[in-house]
Every structure is written in structure tokens, then in C-alpha cells.
Amino acid sequence: MARPKLNANTSEEFTGIKLTGPADFAAGAKGVQVALEHAISEMGAIRAFKTLAKLNQKDGFDCPGCAWPDPDDKRSVLGEYCENGAKALAEEATLKRVEPSFFQKYTIQELSTWSDFQLGKSGRLTHPMVLREGSQHYEKIEWDDAFDLMANQLQALENPNEAVFYTSGRSSNEAAFLYGLFCRAYGTNNMPDCSNMCHESSGVGLSQTLGIGKGSVVLNDFPQAELVVVIGQNPGTNHPRMLSALKDCKKNGGKIIAINPLEEAGLKRFKNPQSPKDMLSRGTEITDVFLQVKINEDIALLKVIMKKLYEIQKIDGDVFDVDFIQNKTEHYEALISDLDKYSTTELIERSGVDEKTIDQAVQLFAERQKIIICWAMGLTQHKNGVDNIKECVNLLLLKGSIGKDGAGTCPVRGHSNVQGDRSVGIVHKSSPALTASLKESFDIDAPQAPGLDTVHSIMAMYEGKAKVFIALGGNFVSAASDTNYTAEALQKCDLTVSISTKLNRSHLIAGKVSLILPTLGRSEMDRSKGKNRFVTVENSMGKVHKSEGKLKPASGHLMSEPEIIAKIASRTLGPESKVPWIEMSNNYDLIRDKIAEVLIGFDSYNKRVKNGEGFYLPNNARQADFSKLPNGKAQFSICSLPDHQLSEDDFLLMTIRSHDQFNTTIYGLDDRYRGVYQERRVLFMNPEDMLKYSFEKLQVVDIVSEYDGIIRVAPKFLVIPYAIPIQNLACYFPEANVLVPINHFATQSNTPISKSIKVKVRANK
Ligand SMILES: Nc1nc2c(c(=O)[nH]1)N[C@H]1C(S)=C(S)[C@@H](COP(=O)(O)OP(=O)(O)OC[C@H]3O[C@@H](n4cnc5c(=O)[nH]c(N)nc54)[C@H](O)[C@@H]3O)O[C@H]1N2
Ligand SMILES: Nc1nc2c(c(=O)[nH]1)N[C@H]1C(S)=C(S)[C@@H](COP(=O)(O)OP(=O)(O)OC[C@H]3O[C@@H](n4cnc5c(=O)[nH]c(N)nc54)[C@H](O)[C@@H]3O)O[C@H]1N2
Ligand code: SF4
Ligand SMILES: [Mo]
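Here we summarise the structure given alongside this text.

### Considering the sheet that holds strand E5 (residues 129–131)
Reading across from one edge, E6-E5-E18-E17-E16-E7 is the order of the 6 strands in this open sheet, with mixed pairing throughout. Single-partner strands in this sheet number two, and they are strand E6 (138–140) and strand E7 (163–167). Mean inter-strand twist for the sheet, computed between neighbouring axes without regard to direction, equals 15°. Both strand E17 (residues 495–500) and strand E18 (residues 513–518) contribute to a ladder of 6 bridges, which runs parallel. When the bridges of E18 are listed, valine 497 appears paired with leucine 515. Strands in contact with helix H8 (residues 173–186) are E7 and strand E16 (468–472); relative to E7, the strand with the most contacts, it is inclined by about 170°.

What follows is the structure, encoded as C-alpha cells:
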């Protein structure tokens, strides 16, 4: 008997909103207090203090939060972590458990009515579990039986491309390398990755213009920068320790420009909890010029800045780095003549920023030569996400701000090892070089044809072309676009498998048969033959270093990610496989040796990570080496303005993170910096728009999107008056993912348009 289709969305119940208005600084004593409260309530005081002391230390483990780097040299004894790092750790190191009895008690139908917050707070998964065909309850399964079940399903597929292997960016380099190796040995490149929904636009835009899909700066560039631009990013919440880097820049006379539809608290002022002086004073003012751009009008704004700089250049001649442009770039003339086609007045109007403020920013760009541009999802998750990145690169190239100290590109990565996973082979497009190395090292005939990325995997499952879905971490149904469509796609699968630490909605919105395989978290001891093992990760700035868990594992039944992958591989591929799967998963040194053999930049991998220092991967843009690009030159690009064809009653909606979540993991219900407490179903709206539609404060509304004749509704949101541009709206991810159409994504990168969804707002009746 088939199971009924479950509701894939979080609970619509309101939870008791309180509003205080936006904060005017980030961190401070409150940050410390909240961090400790979370840690102590999940772990107890002794465990909390012991574990926090190892977070981001050289002999400890890497923060399971974001990918912001740790200092290369000295680490603070007071703690090298932030409030949200402590929350991420507390979530993983919690003492609560989801035992088999939990699943006996609740059906998946019952659990699906819980909110994401409630699901996550249930605790750590302890045993491998199976949901059998037609059943409503997960039940215990032995590890061996789970691996046999998977191997049988995978062997029975007519074509390896009927299987999809998703990765979320928490996995170590060792686990990710084995996983990619298994996919290719099995015969598919179907490796969708959370990057596809995240920084893929950065990867594509940067590769085409600078020849590397990663950023070019390191942490030590910040104190040397004369100007840092933070565009489409909310570091106070999502990369809190970046505020220390911005502060270091300011201390040396640098300036900060923020470009955002919202004036985020973290970009106003920062009180560093590690600095007693800061805590007693007002802290550091961060932003010098705030450009309150309209959603997805960054290109208009950047174009007007470049036009104005060009006007000054024509008069005084030393605004642009002419030598750099001549020697290192091409298509400068095309860029200038394209800029000429736009009217300054129209660009200014589109951007939504007044000319006086733009001129202040232009002045800073004109006077300063060492510039860093930092960005995140506010630029990548649009139809023109790739062009957004290229326009930033244009500006940096004009200033010669690539390949010198204190200057460059800084796409700030999300998940703590998302960049590493990519570096070691989680890519749905393989390269001839990788195929050749895999052949040489493992005698594997890896497939050449590109595999499916996230949106195309979902479509393939929906259409019955993919039948098995395996996830190394993450929460696919809640993270992906078009929640209801994605849910249907997953429920059509014959088998879904989640390698997870904690319960989430993707375990409930399952295929005909479903497995949960519980795994060790970052903070936990990974022991083999009586010895502790370590793994390695790469931070947002390309540094690879070790991470060694210290806590007793959440359960005696957990396996490490490399062990789980190796078992799946050896069972599925059988004794004919030439890869020593089990030996490698027993001894991670062997995995690292193979990574060093297959991939460039990892020479003496084991030796270089064992001392705790780590190493930087090669980065051509940092060296201003563009030899791999056409004519050996960095590329200026022609970017066009987006066209949303908004009617008078349409809004553009951005789906953003609150201060109390990590993606689909909801830490709590407070968005302290935006002054919204105890509620997530909120819609931030300009007071003039509220007046126009006669919406009252806290009125209940439905948000509706219509694409290609299909209407999607996110019901029951409370309207909050907020300083956001007119015709722009914001609400939280993942509650609003139901509105994002599956077939609308960024050109070239296929990243869903989660930051510019065209919607209407209706009173809820
Ligand atoms: N605590 C915490 N840390 C996290 C995460 C988390 O959920 N919680 N998630 C991690 C992950 S995976 C990622 S990718 C990063 C995400 O980090 P961010 O990208 O900072 O996260 P978002 O909340 O999506 O915020 C996007 C920011 O861009 C702005 N924005 C939206 N649209 C536009 C636009 O059109 N133009 C401009 N200029 N700005 C715009 C929004 O107002 C918001 O300030 O954070 C990582 N770190
Ligand atoms: N509308 C909208 N949608 C978005 C975004 C947006 O801004 N707006 N952002 C997008 C972005 S940037 C991203 S990166 C994706 C995130 O997409 P995902 O990475 O798929 O989602 P997460 O919520 O980070 O995954 C959380 C789950 O990971 C598991 N987990 C945690 N730690 C570990 C571990 O160490 N190992 C294993 N195996 N599992 C672990 C836990 O079970 C937890 O429930 O969402 C995307 N979706
Ligand atoms: S900035 Fe990111 S990596 Fe650093 S402690 Fe905070 S959450 Fe963890
Ligand atoms: Mo992300």
C-alpha cells in the first residue's frame, strides 16, 4: 500500500510574535549571553565550556557553522568563535537523542505536522533506521542490512544515471573524496551539491573572468585593504567573525561600503566580545557609506559607479589602474562603450539610491586602490546571478584590485566545508584531467557526460528518470526550491537515503523505502583501533587544515561518513572494484595520499596538515596569473540589466536567514538584530506599501507567486513595517521556498531565484 503524500512544509501555527525594532549593533554582551545559553541548555555547563574551548583551535575541531577562516597565526585563548558558532556546536553536541523508540511513538505523518524547529530540537539520531514500503514508522535496521538494501537497489537500476548523490557542505574532504570516487566508479556524475543553490553563480562568474571559481583574498588582506565593499551579504548573522576582519580594516584607516536592501545591524556597529575595550565603549562603527539598493538592482548601481569613475578618470587620469588594464585584461573598450549606452539618471533611479550617497561611494572608489569586494547570496540567487558577480569583477579590474595584497574577490562561503567538497571532486561536471587521474590512480573509467545538478536532479526524479536519491548530509526537501514539487519528486523515488546527524523534514518526505544512516558530527571523536582520527576541511579562503573531534559520540551505533561511504561502495561494486574502499576508510591517511595523487595542490597532504598549520591551495588570481584564460588575460564582461516586468501590484521578494537558524536548522525563533522575536512567519514590508494596500501591522497575509500560469501560495505571514525599499519584500527561508518555481534559475549556474521572486500579497481570509 502506498503511503499518503505528506505536507512538506513547516507548521503554519503562529508562535507569539514580539517586536522591538532593529538593533543598531552586533555581538556585544548579548551575543555572549545567547551563545552560552544555547550551549549550556543543549550540552550542560561542563560539557559546554570544555567543548567550546576546542572550537576552532589548532588542536581542536573546525566550527560546524560557516566557512569563515580562522587566523593563520595566533588564536585567542578567550575563544575563536562567535555566537552562531556556539549555536551550531550546541545543535550538534546536544544531549537530546532521537532513539528508535521515538520512531515507534510517532508516525512520519505526525512528525510532518511538527515545525522545523521542533524536528531539529528532538536531538541526535542514534541508530540506522528504515522506513519500509507502505509503512508509516521508521524501524531499526542493522548496518549490514542497510548496506545490502542500498547495494541491491543500486545494482538493480538499468543505468547508473538513475541514481542521484547529493552533498551538503558539512562533510570532510576525506568523506567527499570517497563519495565522488564512488559515484564515478559506479558510473554517474549525478552529484548535485548545496553549492548549486548557493555560490554556484560565483564559481561560474569568477572562472570565466579570473580563471578560478574561488575568491582571491586571504584573511590577512583585510587589515591591508583601503576599501572593503560588502554587497548582498549579512555578515553579522551569517559570518559573524568577519566583523573582526572589517574592524581590522577600519583600524588601519580603511573604509567600508555596504550595499543591501536592508540596513543590517552587523554592518552598522560591532562590539567585539573578545575586546574588553569594545564591550565598555560603543564599539566600532562599521559602514562608512550605506547604499540601500533595491532588490536585484546591483548591476544598475555598479554601472553608475563605473560610469562616474570613468568621468573622473577622463579628467585626472589616475582613477583606473591603466597599466593593469593594459597588461592583464581584455575587453576594456567594450566595457566602456557599453557603459556609454546607459543613462546615468535612469540607472540611479533603478538602483533606488540617491545620487549624493552614490557620489560618496564613488569618491571612496576613486581615491583608493586596494579594494576587496565581499558578497554572498544577495548576489548569487537571482536569474542574473552570474552577471552580478561579473559586474563586481569589472569594478575590481578597473581598479587593478586583483592579485595584490589588500585587494581582491571574496565570495563568502556558506557551509563550513562546501569549498573543500568541491575541491576534492564533488562536481557534476567532470573534467578530462580528473578522469585521466582517476584512471591512473584507481583504474576507474569515470563517465564523461555531465551529471545532474540540484534543480535538474529534482526534475529527473519528478519525471521518473531518477529513482534512487542518496544525501550525504543536508535537508534537501526544505533547502531546494518549489517545496511541493520537490516533495513529490522525492516521494516518487524507489529509495531515498539520508546520511545525517539530526532529524529533519527530508527524512519524512521519503521515497517508497527510506533509510536514515546516523553519522558522527565534527565535534565527536572518530576512533579506529583505539586511536583518534582527524579529518580535513578547506575554509572560504582556500586554506586546508585538520579538524579533530573531541566529544564522545552521540551513540555507540554511529559510523563516520568515510566508513559509511566505503561500505556502500564495497557492497555495491563488489570484489571486482579495484579501489581499496575499506582500507581507505580505516586509515584516512590513505585517502589523503590518494587525494594528493589525483588532485593538484595537495602535495605532501598528510605531512602538511598533521602539524596543525595546514596549507593554502594554489590560486592563480591571487598571483594575477590569468594564463588559462583567452589570450592569457582577465576578462571584462558586458552585463545587462535584469527585466522583471513588474506590474504595479507585484513585489520582488527575497528569502533570507534570521539570526537564529543555520539554513533549515532552526536554532530558535528570535531574529534579534531585526527586532523580531518568537516568530518566523513574518513578511518585512515598506510602510508606504502597507498604506497603499491598507495592510495593518501584524495583519495576516498570503504570499502568492505566479510563473508560467502556475500559482504557488505561502499562506499566513504577519506583515511587519520595515525599512526596506518600496515594492521589495523579505521573509525567511525555508518557509517561503514553496514560492520559488523549480524551472526559474540563474542563467549558466542554475541557482534558484530565491532572492528575487515575483509575488503578490493578499490579505488572508
Ligand atoms: N548563522 C548562520 N550562518 C550561516 C548560515 C545560516 O543560515 N545561519 N548559512 C550559511 C550559508 S550555507 C550561506 S550560503 C551563507 C549565507 O549568507 P548571506 O548571503 O549573508 O545570507 P542571507 O540571509 O541569504 O542574506 C543575504 C543578504 O543579502 C541581502 N540581499 C538580498 N537580495 C539582495 C540584492 O538583490 N542585492 C543586494 N545587494 N543584497 C541583497 C539581504 O538583505 C541579506 O542581507 O551563510 C552561512 N552562514
Ligand atoms: N529560499 C531559499 N532557499 C535556499 C537558500 C536561500 O537563501 N533561500 N539558501 C540555499 C543555500 S545557500 C544552501 S547552502 C542550501 C542548504 O541546503 P542543505 O545543506 O541541504 O541544508 P542544511 O539545512 O544545511 O542541512 C541540515 C542538515 O544537515 C545534517 N547535518 C548536519 N551536520 C552534518 C554532518 O556533519 N554530516 C552529515 N552527514 N549531516 C549533517 C543534519 O541532519 C541537518 O538536519 O539551502 C539553499 N536554499
Ligand atoms: S564565524 Fe562562522 S566559522 Fe567562525 S565561529 Fe562563527 S559560525 Fe563558526
Ligand atoms: Mo549556502
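Here the narrative resumes.
### Details of empty space enclosed by the protein
Taken as a whole, this structure holds 8 cavities of 30 Å³ or more when the rule is applied. Counting only elements with at least two residues in the lining of the second largest cavity, the list comes to E16 and E17. A per-element tally of the lining of the second largest cavity places E17 first, with 5 residues. Here the lining of the second largest cavity is built from residues that sort into 8 nonpolar, 7 polar and no charged.

### Considering the site of ligand 1
Inspection of the region around ligand 1 gives 32 residues, with Glu264, Asn296, Asp298, Gln661 and Asn663 positioned closest. Residue histidine 382 places a side-chain N or O atom 3.1 Å away from an oxygen atom belonging to ligand 1. Across the complex, the protein chains shield 99% of the 920 Å² of accessible surface that ligand 1 would expose by itself. Grouping the amino acids of the shell around ligand 1 by side-chain chemistry returns 13 nonpolar, 15 polar and 4 charged. Residues from two domains meet in the shell around ligand 1; each of domain 2 (201–411) and domain 3 (651–763) gives at least three.

### A look at the sheet that holds strand E2 (residues 26–27)
Read across the sheet, 3 strands follow the order E2-E10-E11 without closing on themselves; strand pairing throughout is mixed. With one partner strand each, in any of the chains shown, E2 and strand E11 (284–285) form the two edges of the open sheet. Pairing geometry for strand E10 (residues 269–271) and E11, over 2 bridges, is antiparallel. Of the residues in E11, the one forming a bridge with arginine 269 is glutamate 285. The strands touched by helix H11 (residues 242–251) within the sheet are E2, E10 and E11, with E10 carrying the most contacts at an inclination of about 105°.

### Brief notes about the packing of helix H21 (residues 432–442) against helix H27 (residues 588–598)
Running from N to C, H21 and H27 cross one another at 130°; their axes reach a closest spacing of 9 Å. The angle between the axes of H21 and H27 places the two elements in the oblique class. You can see that H21 and H27 cross each other, and the crossing is right-handed. Judged by residue contacts, Leu434, Ser437, Leu438, Ser441 and Phe442 of H21 engage Lys594, Glu597 and Val598 from H27. Its residues placed into classes, the contact of H21 with H27 shows 4 nonpolar, 2 polar and 2 charged.

### Considerations on the packing of aromatic side chains
Counted under the stated rule, the structure contains 27 aromatic pairs. Between the aromatic rings of phenylalanine 102 and tryptophan 114, the centroid separation amounts to 5.9 Å while the plane-to-plane angle is 85°, which identifies the pairing as edge-to-face. Taken as a pair, phenylalanine 102 in helix H4 (residues 100–105) and tryptophan 114 in the loop between helix H5 (108–112) and helix H6 (116–120) lie far apart in primary sequence, 12 residues in all. There is no split in this pair, since phenylalanine 102 and tryptophan 114 are both buried.

### Comments concerning the site of ligand 3
By nearness alone, every residue bordering ligand 3 is listed as Asn56, Cys63, Cys66, Trp68, Tyr81, Cys82, Gly85, Pro240 and Arg241. Classifying every residue of the shell around ligand 3 by side-chain character gives 6 nonpolar, 2 polar and 1 charged.

### Observations regarding the side chain of asparagine 189
Its place among the elements puts asparagine 189 in the loop between H8 and helix H9 (200–210). At 3.0 Å, the side chain of asparagine 189 and the side chain of arginine 184 are in polar contact. Polar contacts involving the side chain of asparagine 189 include one to the main-chain carbonyl oxygen of proline 447, which spans 3.0 Å. When residues no more than four places from it in sequence are discounted, the contact partners of asparagine 189 are Asn161, Arg184, Val427, His428, Ser430, Pro447, Gln448, Ala449, Pro450, Gly451 and Leu452.

### A few points about the layout of surface pockets
A volume near 1,400 Å³ is recorded for the largest pocket. Forming the walls of the largest pocket are 41 residues, and the residues nearest its centre are Gly213, Lys214, Arg422, Ser423 and Val427. At the level of elements, H9, helix H20 (418–423) and H21 are the ones that each hand at least two residues to the lining of the largest pocket. Of the residues forming the lining of the largest pocket, the biggest block, 4 residues, is contributed by H9.

### Description of the nonpolar core
Within the largest apolar cluster, 60 residues are counted, with the highest numbers of intra-cluster contacts made by Leu154, Phe177 and Phe182. By residue number, the principal contributor to this core is H8, which donates 9 residues. With residues up to four places along the chain from it excluded, the contact list for phenylalanine 177 reads Val424, Phe442, Met584, Ile591, Lys594, Ile595, Val598 and Leu599. Core analysis: the next-biggest nonpolar cluster, separate from the first, contains 54 residues, Ile358, Val362, Trp375 and Val393 among them.

Rules and cut-offs
- Residues numbered from 1 in each chain as written.
- Chains lettered and ligands numbered in written order.
- Predicted model: local features only at pLDDT ≥ 70, side-chain atom pairs only at ≥ 80, totals over all residues.
- Heavy atoms only, no water.
- Pairing = 2+ DSSP bridges.
- Helix = DSSP H or I, 4+ residues; strand = E, 2+ residues; numbered from the N terminus.
- Axes fitted to C-alpha atoms, helices over the stretch in contact; angles between N-to-C directions.
- Contact = heavy atoms within 4.5 Å.
- 1 Å grid on protein atoms, 1.4 Å probe; cavity = no way out; pocket = protein on both sides within 12 Å on 5 of 7 lines; lining within 4 Å.
- Points joined across faces, edges and corners; volume = space filled by probe spheres on them.
- Nonpolar A, V, L, I, M, F, W, Y, C, P; charged D, E, K, R; others polar.
- Near = heavy atom within 4 Å.
- Polar contact = N/O pair within 3.5 Å; in protein donor to acceptor, adjacent residues only side chain to side chain.
- Areas by Shrake-Rupley, 256 points an atom, 1.4 Å probe, with all protein chains shown as cover.
- Domains from an automatic or database assignment.
- Parallel < 35°, antiparallel > 145°, perpendicular 65-115°, else oblique.
- Left-handed = near helix turned anticlockwise from the far one by under 90°.
- Phe/Tyr/Trp six-rings, centres within 6.5 Å; stacked < 30°, edge-to-face > 60°.
- Buried < 20%, exposed > 50% of the residue type's maximum accessible area, 1.4 Å probe, protein only.
- Core = buried A, V, L, I, M, F, W, Y, C linked by side-chain atoms within 4.5 Å.

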